[in-house]
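Residues per chain are reported as follows:
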Amino acid sequence: MADIIVETGLNGEVRTYHGTTGVFQGNLEHPPGVQFFPRSVVIGPDGLLYVSVSNNPTTAEGQLGGRVVRYNPKTGEFIDVFIEGDSIPDFNRPEGLVFGPDGNLYITSFRRDPSDTDKILIFDRKGRVLDKIDLYAVGQPRAFAQAILFGPNGKLFVPITGPGPVNGQPLGPDTGSVRPALLGGPLTEPWYLTFGKTDPATLAYRHDKEESSDHDHHHDDESSD
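Let me sum up the structure you'll find in this document. (Residues numbered from 1 in each chain as written. Predicted model: local features only at pLDDT ≥ 70, side-chain atom pairs only at ≥ 80, totals over all residues. Heavy atoms only, no water.)

Once that is clear, we can look at the packing of aromatic side chains. Following the criterion strictly, the structure yields nine aromatic pairs and no others. Each ring, one from Tyr50 and one from Phe99, has its centre 5.0 Å from the other, and the planes form 80°; the classification is edge-to-face. With Tyr50 in strand S5 (residues 49–54) and Phe99 in strand S8 (residues 97–99), this residue pair connects regions lying 49 residues apart in the sequence. Phe99 matches Tyr50 in its accessibility class, with the two residues each being buried. An aromatic cluster is present here, built from Tyr50, Phe82 and Phe99 joined pairwise through their rings. A cation over an aromatic ring shows up here: Arg93 above the ring of Phe110, its NZ or CZ 4.1 Å from the ring centre. (Phe/Tyr/Trp six-rings, centres within 6.5 Å; stacked < 30°, edge-to-face > 60°. Helix = DSSP H or I, 4+ residues; strand = E, 2+ residues; numbered from the N terminus. Buried < 20%, exposed > 50% of the residue type's maximum accessible area, 1.4 Å probe, protein only. Lys NZ or Arg CZ within 6 Å of the ring centre and 35° of its normal.)

Next up, the structure:
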């Protein structure tokens, strides 16, 4: 569980709790020599815990940059800084992060200033920038996202806060989106979402994995006939 403390200006903590009893087990150690304001966590394909970290959000300088750090989730040991965003112009106040079916890491990033856009950055397994998805175009009403999640058919679902583009969808050919609610009234600042088949640790959509596994077994059976 990521816990950010901004009221006192102190660094934040990533706190661990027993999965059954809820008993507090301790805080993860802070990365050396960097500001530590954790925002989101996910278990990666390598079994490590990935944590998106902002600089001090209470300062003007803290609105820019950030990083993604990795831990051993079993021991709480700090492993390394996987992405150092202070040297990446588009990487600002990283929030939600999720690994896609392609193995790449998708991270939401806030805009640098009004001449920029809020976006989703895509990194490979070595922490290198591959691509980005702008959530709107400069000059359009602002639309930003925090938590993101892959769902059915390998689509990336993006809860949008703000009016967004005219069609209400994020830009980019490979994204799904959370549509405006028709029943129950409009969504107000939608941030977090989940599917019944979402793995709570890795955030992977397990139904697609099951279908793929079933298909592979079926194919093997046919091959043996």
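Read on, since the account is not over.
Sheet strands pair by backbone hydrogen bonding; their relative direction is either parallel or antiparallel. Sheet architecture is open: four strands sit in the order S8-S9-S10-S11, paired in antiparallel fashion. Of all strands in the sheet, those bounded by a partner on one side alone are S8 and strand S11 (129–134). On average, each strand axis in the sheet is tilted by 20° relative to the strand beside it, whichever way the strands run. With three bridges connecting them, S8 and strand S9 (residues 105–109) associate as antiparallel partners. By the bridge assignment for S9, Phe99 is matched with Leu105. (Pairing = 2+ DSSP bridges. Axes fitted to C-alpha atoms, helices over the stretch in contact; angles between N-to-C directions.)

Next up on the list: the pattern of salt bridges. Under the criterion given, the structure shown has twelve salt bridges. Among the ionic pairs, Arg142 bridges to Asp118, the shortest N-O distance being 2.7 Å. Taken together, the residues span a long stretch of sequence, with Arg142 in the loop between S11 and strand S12 (149–150) and Asp118 in the loop between S9 and strand S10 (119–123) at a distance of 24 residues. You can call Asp118 buried: its relative accessible area is 1%. Among the ionic pairs, Arg128 bridges to Asp124, the shortest N-O distance being 2.7 Å. (Salt bridge = Lys/Arg side-chain N within 4 Å of Asp/Glu carboxyl O.)

Read from one edge of the open sheet, four strands run S4-S5-S6-S7, paired in antiparallel fashion. Here the strands that pair on one side only, and so sit at the sheet edges, are strand S4 (37–43) and strand S7 (78–84). On average, adjacent strands in this sheet sit at an angle of 25° to one another, irrespective of strand direction. Relative to S7, strand S6 (residues 67–71) runs antiparallel, the two being bridged by five bridges. Residue pairing across strands places Arg67 opposite Glu84, the latter belonging to S7.

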